[in-house]
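# Structural features, examined
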Amino acid sequence: MRNPLQQQQADRPPPVGPFRSRVVLRVNGRTHVLDLDNRVTLLDALRELLDLTGSKKGCDHGQCGACTVLVDGRRVNSCLLLAVTLDESEIITVEGLAAPDGALTPLQRAFLDHDAFQCGYCTPGQLCSAVGVLREAAAGHPSHVTDAATAADTARPVVLSPEEIAERLSGNLCRCGAYNGIADAVAACAAPATPERTPPPTPRRT
C-alpha cells in the first residue's frame, strides 16, 4: 500500500508553476525521475518516495547525524538538503553500501566485529559518515584537531588517530553510547600510518 506522499506522486500531473520541479536523483546506482515540491528534503524523498528507510529521521535539524548519506562522495545531513538542489547527483544511502550480492564491506564487517551498535537506530548514519571519514582522511583533508604541519601537507593522507576519529565523527550521536566500538571499527579500516623513512645502514669497514 502506498503512503500518502507516494500516492500524491503517482496522481500528480507534470509540474507547473514555480513551486514544483522535475528532479533526477541517482540513488544507489538507480536513476529516479521525481516530480517534487520544492520544499521536500532529501531525507523525506528517500524515505517517503523511494522506500529507502535506512536513513533515519532523528532530530530533523542536522544535529544528530542519523540521516547521514553520501552525495557525490561526500557525507551530508539529508534532513537539511532540499532534494531539488541535487538534480543529477550521485547519492549513496546505507542500502547501497554493500555489494549487489549482499556481501558486506570491510567497514560493515568491522561494525559487527567491534560491536559498534546497540539499538541500531543511528547505525546507518554512523556507517555513511564513517565512509566519508575514511575518504576524507585518505584524501588529506584536515580536521579541527589535525596538527598544523600535517594540515599544510594535503598531498598526504591524515593518520586517523583516536582523537581524529572522535573529532570527525562528533556530528553523529549514539544515544546508546556505543562510541568506543564505533571508533574501534573505523580505526580497524583506516589506512596504516606511513612509516618514517629510515636511512640505510652504514656499511661496516673491514
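Residues numbered from 1 in each chain as written. Predicted model: local features only at pLDDT ≥ 70, side-chain atom pairs only at ≥ 80, totals over all residues. Heavy atoms only, no water.

Turning our eyes to something else, we now look at the confidence of the model for the protein chain. The predicted coordinates ought not to be read in detail in places where the model reports low pLDDT. Mean pLDDT over the protein chain works out to 89, with 85% of the residues at or above the 70 mark. Low pLDDT (under 50) marks residues 195-206, which in the prediction has zero contacts with non-local residues, meaning those over four places away or in another chain. (pLDDT = per-residue confidence, 0-100. Contact = heavy atoms within 4.5 Å.)

Bridging between strand β1 (residues 20-27) and strand β2 (residues 30-37) involves eight bridges; their strand directions are antiparallel. Considered in β2, the bridge of R20 is made with D37. The antiparallel pairing of β1 with β2 creates a hairpin that spans two residues between the two strands, and N28 there sits at a positive phi of about 55°. (Pairing = 2+ DSSP bridges. Helix = DSSP H or I, 4+ residues; strand = E, 2+ residues; numbered from the N terminus.)

A few words on the environment of L107. Mapping L107 onto the fold places it in helix α3 (residues 106-113). Residue L107 is classed as buried on the basis of its relative accessible area, which comes to 6%. The spatial distance from the C-alpha of L107 to the C-alpha of L127 is 7.6 Å, given a sequence separation of 20 residues. Not counting the four nearest positions on each side in its chain, L107 is found in contact with L127, A130, V131, L134, A185, V186 and C189. (Buried < 20%, exposed > 50% of the residue type's maximum accessible area, 1.4 Å probe, protein only.)

Take the packing of α3 against helix α4 (residues 123-138) next. The N-to-C vectors of α3 and α4 enclose an angle of 125°; their axes lie 10 Å apart at closest approach. Here α3 is positioned oblique relative to α4, judged by the angle of their axes. When the axes of α3 and α4 are compared, the crossing they make is right-handed. Contact with α3, carried on its side by L107, Q108 and F111, involves T123, Q126, L127, A130, V131 and L134 of α4 and no other residues of that element. Partitioning the contact of α3 with α4 into residue classes produces six nonpolar, three polar and no charged. (Axes fitted to C-alpha atoms, helices over the stretch in contact; angles between N-to-C directions. Parallel < 35°, antiparallel > 145°, perpendicular 65-115°, else oblique. Left-handed = near helix turned anticlockwise from the far one by under 90°. Nonpolar A, V, L, I, M, F, W, Y, C, P; charged D, E, K, R; others polar.)

On to helix α2 (residues 42-49). Taken as a whole, α2 has its buried residues at L42, L43, A45, L46 and L49. One or two residues past the end of α2 sits D51, with phi positive at roughly 60°.

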